[in-house]
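Below are the chains, spelled out letter by letter.
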Amino acid sequence: MNTLSSVACSLMQVALPSQEIPNDLASLANVIIVDCLWFVVGFALIRIVVLMGFFKSLNLSWLKSGRSTVSEAARRRRQALKSLRTDAAAGNAAAVVAAWDQESSSGEALPLDVLRAVAQALATLAPERVVEELSSHLKRLSGASEQCYAAVAELVDELAQAGRPELGEGLEAQASWRETLAAGYAALGDEAKVDELTAAVEAIAPLTSRGYALITKGFLKSKKPLVVAGMLLAMGRRGIAVPPPAVTELCRVACRLGPDIVRQTLAIVAGKIPMTAESFGLLLTFCAQRDDVGTAKQLEKWMGELRVQPTYATYEPMLKLYAKADPEKARQLFRDLQANGFWATEGLCGSLLAKCGDAQNIAFAEDISEYLKARSMRTLAIYRTLMKVYACCGCHDKACGLYREILADGLEPDHKLYGCLMMFAVKCGNTQMSQELFEKTQGGDVQNYMWLIRAAAKDGDVDSALRFLARLEEEHGESLDVAAYNCTLDACMTNCAHDKAEQVLQKIRDKGLTNLVTFNTLIKGQCSQGDILRARKFINEIFAAGLEPDGASYNCLLGASVGAGRLDQVWDILREMEGHGVPLDHYTVSIMMKVAKKAKTPKEGDRALAVLDRARVDVCKDEVLFNTVLDACIQRRDKVRLARIIESFDSSKTWPSVHTYGLLFKALGVLQRTARCRELWRQMVEKRGMKPNDITLSCMLDALVCGGLVDEAVALFRTWKPHVTVNTVMYSTLIKGFANLGDADRAMQAFTEMREEGQQMNLVCYTSLIDAQARAGNMDQALEILKQMEADSIAPNWITYTALVKGYCVRGDMDEALSVFQ
């Protein structure tokens, strides 16, 4: 041993030649060497014993048997728990309960995740067993209070999530568990039970932030946003931070429940809780989907007050909303979006362009086009949408101009786009371009030829129309459709080329292609020339050909008769139309409304309006028809039909234009429904953010005056005077209102204001002014106004003289009254 130590020391001396070896290091070396020697000796002895077979002579079966038994029991338990977890994950509640029945008798406590699965399964299949069996099982954990507490909390939470919080009340023992149970009842929408449990919690300690979060989540699940809004306010009052995700989810749930819930929710929380841009984005998207400009403006204001920085999620819905409602606002938002570093996608730009078409907003559409052009993002789809914008605005020349830009961008129009361009070229009278596009497509399909035939008809070039038809016949032969022949026939009839029309008609007959459109084209041609009798003869030819006339056949005859002032023929044609069982469509109704307006007697007017009662037409589906019907009923003062039409409008959920709003105000004024006028005015101005024009404002003023609300009419006039062009009709309406009140002084003030502003007086205005003075007995002033009226070359009518007679009667001067009457 000493020898080995000496060797070790010598080696260390070599490693550290310049230093003296410390004594403690030498001692450590001795210990290491001794341990190594003992290891070698022990290993050698074990090898010798094994080689001699010593262990084979010992009986160790008892040791192996005990170890095997323990391992097998643990293995079976692990396998059972694994199967139970698998069944729970698969939603097999019956298997979970069966496993529970087997494992609960073992006397061992189950893991918490397994207990949760068992609680959920029992709550589903055997709720009556939950409290007794789980409570019994939990007693086994009584020795470990922390583990027991955790287990009960887990089970209460699971039962609450399973929609059976009442089962957890048998396990309840702590305030925090009551919060969990309250959350379960909140998920069921049971406000009374939640109040009861939270009151029990509050009796011990204030509701925790965890409790608020759980209960809020529960009420969101049961779709009770108004309750959630109140809870979020309560959190704020207690100094508990309101989590932004909760506010976002509140907005999402409210949006799903409709506009009324959204408004009520906003009324509760507006400006009182913090909101993120994501929440505002959800609400603004909701507004954009419903064209709710008023709510959107409130949200914008709220964003500014909370200093929430706009994001792409807030800009996108606002742009879509204002693209239709407020073009100038949309243009400013689009500039702001770029200034804030956001990139408008091609999809957003395409959507905005489509809305520009609906709103006929060319300026904003061109802003978007320039934006896309600067970034080389204009595709054929974008060009096609931009063309639709121009087409909606009647700017077919601008639509044609896009063709050069398409080529400059290195794009090639597809077949459909070429067809659209040809159509626009024809509509704007650009024959040269239509010919160029036709050659570019090498003729193309029949539709392209038909557009050229229409262009030739528009130019009065019937010969070119016939040449195009001849080319079509060469290319398509006998397979050529009758539509091309009918188009050429229309070109001939429109230009009074009767001989050539007869030639085309003969071709159609020779080929056996005559159809109803052919006859309708002939009827239209004769009507355009004023030959209604000849046009009516084609009705008999339609029957002779084994066909039946349709609404278009008779509507053409009706329209021509009304235009010619032949109302007697109108009734004859309408009677024939109904006699042949042809249904009255919206064109028929529209034509008959013109008859009602032209009728010279109330009886004839009512006869025309009676068509509304027979026609199975929803007048609210077509705005033009709706306006025509409203206008006719207003003019005839037909209150019964007006009331019925307004009722249909209210149930149609139609969003009217500014012009239609004016007619609605006028109709409601006739019906003396001033309250409904106010509702529609607020809808137009506040909710939809629309700006009234001079006609709409005039109609609203008239409705208020007719309802006796003259002061309200004056206030409205003063409010909108800086924003709307003022006209004589507005002043006439106000003067009429002052006359009805007998307020001659205010009537004269309005007259003076008109003259100062350079407004031209009219018959209604002068007559109303004279009436105001006559009612007050100021006949000298009334006569002065009459002289001014005559000086302005406006002839008095019987209503003017009636006002003078009434004035003299009021003053008791019957001689002068009789003099004016004579």
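To be clear, the structure that these remarks concern was listed above.
None of these values were measured; they are calculated from a predicted model.

A. Quick look at the overall build of the protein chain. Helix and strand counts for the protein chain stand at 47 helices and zero strands. Looking at the protein chain as a whole, 44% of its 822 residues are labelled buried. Summarising the internal contacts of the protein chain: among those between residues at least 6 apart in sequence, 62% fall at separations of at least 24. Here the protein chain displays about 41,700 Å² of accessible surface, and carbon together with sulfur accounts for 54% of that area.

B. Summary view of the environment of Asp 638. Residue placement: Asp 638 occurs in the loop between helix H36 (623-635) and helix H37 (639-652). The sequence separation of Asp 638 and Leu 671 amounts to 33 residues, and the corresponding C-alpha distance is 9.5 Å. What Asp 638 contacts, discounting residues up to four positions off in sequence, is Asp 606, Leu 609 and Cys 633.

C. Representation of unusual backbone geometry in the model. With phi around 60 degrees, Arg 307 is a residue other than glycine that occupies positive phi space. Here Arg 307 lies in the loop between helix H16 (293-306) and helix H17 (312-325). The phi angle at Gln 672 is positive, at roughly 60 degrees, despite the residue not being glycine. Along the chain, Gln 672 falls in the loop between helix H38 (658-670) and helix H39 (674-687). A relative accessible area of 47% places Gln 672 in the partly exposed class.

D. Representation of a nonpolar patch on the surface within the structure. Side chains of Trp 38, Val 41, Leu 45 and Ile 48 sit close together on the surface and give an oily, nonpolar patch of about 450 Å² of accessible area. Of note, Ile 48 is situated in helix H2 (residues 23-51). Residue classification places Ile 48 among the partly exposed positions, given a relative accessible area of 45%.

E. Up close: the packing of H16 against H17. At a minimum axis distance of 11 Å, the contact between H16 and H17 shows a crossing angle of 140 degrees. Judged on the interaxial angle alone, H17 and H16 are oblique. The way H16 lies across H17 gives a crossing that is left-handed. Residues Val 293, Ala 296, Lys 297, Glu 300 and Met 303 of H16 form the contact with H17, whose own contacting residues are Thr 314, Met 318, Leu 321, Tyr 322 and Ala 325. Looking at side-chain class alone, the contact of H16 with H17 contains seven nonpolar, one polar and two charged residues.

F. View of the packing of H38 against helix H40 (residues 694-706). Across the interface, H38 lies against H40 with an axial gap of 8 Å and an inter-helix angle of 15 degrees. Classified by the angle their axes make, H38 and H40 are roughly parallel. At the point where H38 passes H40, the crossing takes the left-handed sense. Note on element contacts: H40 touches H38 through Thr 696, Cys 699, Met 700, Ala 703 and Cys 706, opposite Val 658, Tyr 661, Gly 662, Phe 665, Lys 666 and Gly 669.

G. Representation of the side chain of Arg 536 within the structure. As for its position among the elements, Arg 536 is in helix H30 (residues 532-544). Polar contacts involving the side chain of Arg 536 include one to the side chain of Glu 576, which spans 2.9 Å. With residues up to four places along the chain from it excluded, the contact list for Arg 536 reads Leu 557, Asp 572, Ile 573 and Glu 576.

H. Quick look at the side chain of Thr 588. By the element assignment, Thr 588 lies in helix H33 (residues 586-598). Other than its neighbours up to four places away in sequence, Thr 588 contacts Asn 555, Leu 558, Leu 574 and Met 577.

I. Focus on the pattern of salt bridges. In the structure shown here, the tally under the stated rule is 39 salt bridges. Of the charged contacts in the structure, one is a salt bridge between Asp 292 and Arg 263, with a shortest N-O distance of 3.6 Å. Here Asp 292, found in the loop between helix H15 (277-289) and H16, pairs with Arg 263, found in helix H14 (residues 259-269); they are 29 residues apart in sequence, far enough to count as distant. The salt bridge involving Asp 606 is made with Arg 641; its shortest N-O contact spans 3.1 Å. With Asp 606 in helix H34 (residues 602-609) and Arg 641 in helix H37, the pair connects residues that are 35 residues apart, well separated along the chain. On the basis of relative accessible area, Asp 606 is assigned to the partly exposed category, the value being 40%. Here the residues in one salt-bridge network are Asp 606, Asp 613, Asp 638, Arg 641 and Arg 644, joined through shared partners.

So, how was this worked out
Residues numbered from 1 in each chain as written. Predicted model: local features only at pLDDT ≥ 70, side-chain atom pairs only at ≥ 80, totals over all residues. Heavy atoms only, no water. Helix = DSSP H or I, 4+ residues; strand = E, 2+ residues; numbered from the N terminus. Buried < 20%, exposed > 50% of the residue type's maximum accessible area, 1.4 Å probe, protein only. Contact = heavy atoms within 4.5 Å. Areas by Shrake-Rupley, 256 points an atom, 1.4 Å probe, with all protein chains shown as cover. Patch = residues over 30% accessible without salt bridge, like charges linked within 9 Å, V, L, I, M, F, W, Y side chains within 5 Å. Salt bridge = Lys/Arg side-chain N within 4 Å of Asp/Glu carboxyl O. Axes fitted to C-alpha atoms, helices over the stretch in contact; angles between N-to-C directions. Parallel < 35°, antiparallel > 145°, perpendicular 65-115°, else oblique. Left-handed = near helix turned anticlockwise from the far one by under 90°. Nonpolar A, V, L, I, M, F, W, Y, C, P; charged D, E, K, R; others polar. Polar contact = N/O pair within 3.5 Å; in protein donor to acceptor, adjacent residues only side chain to side chain.

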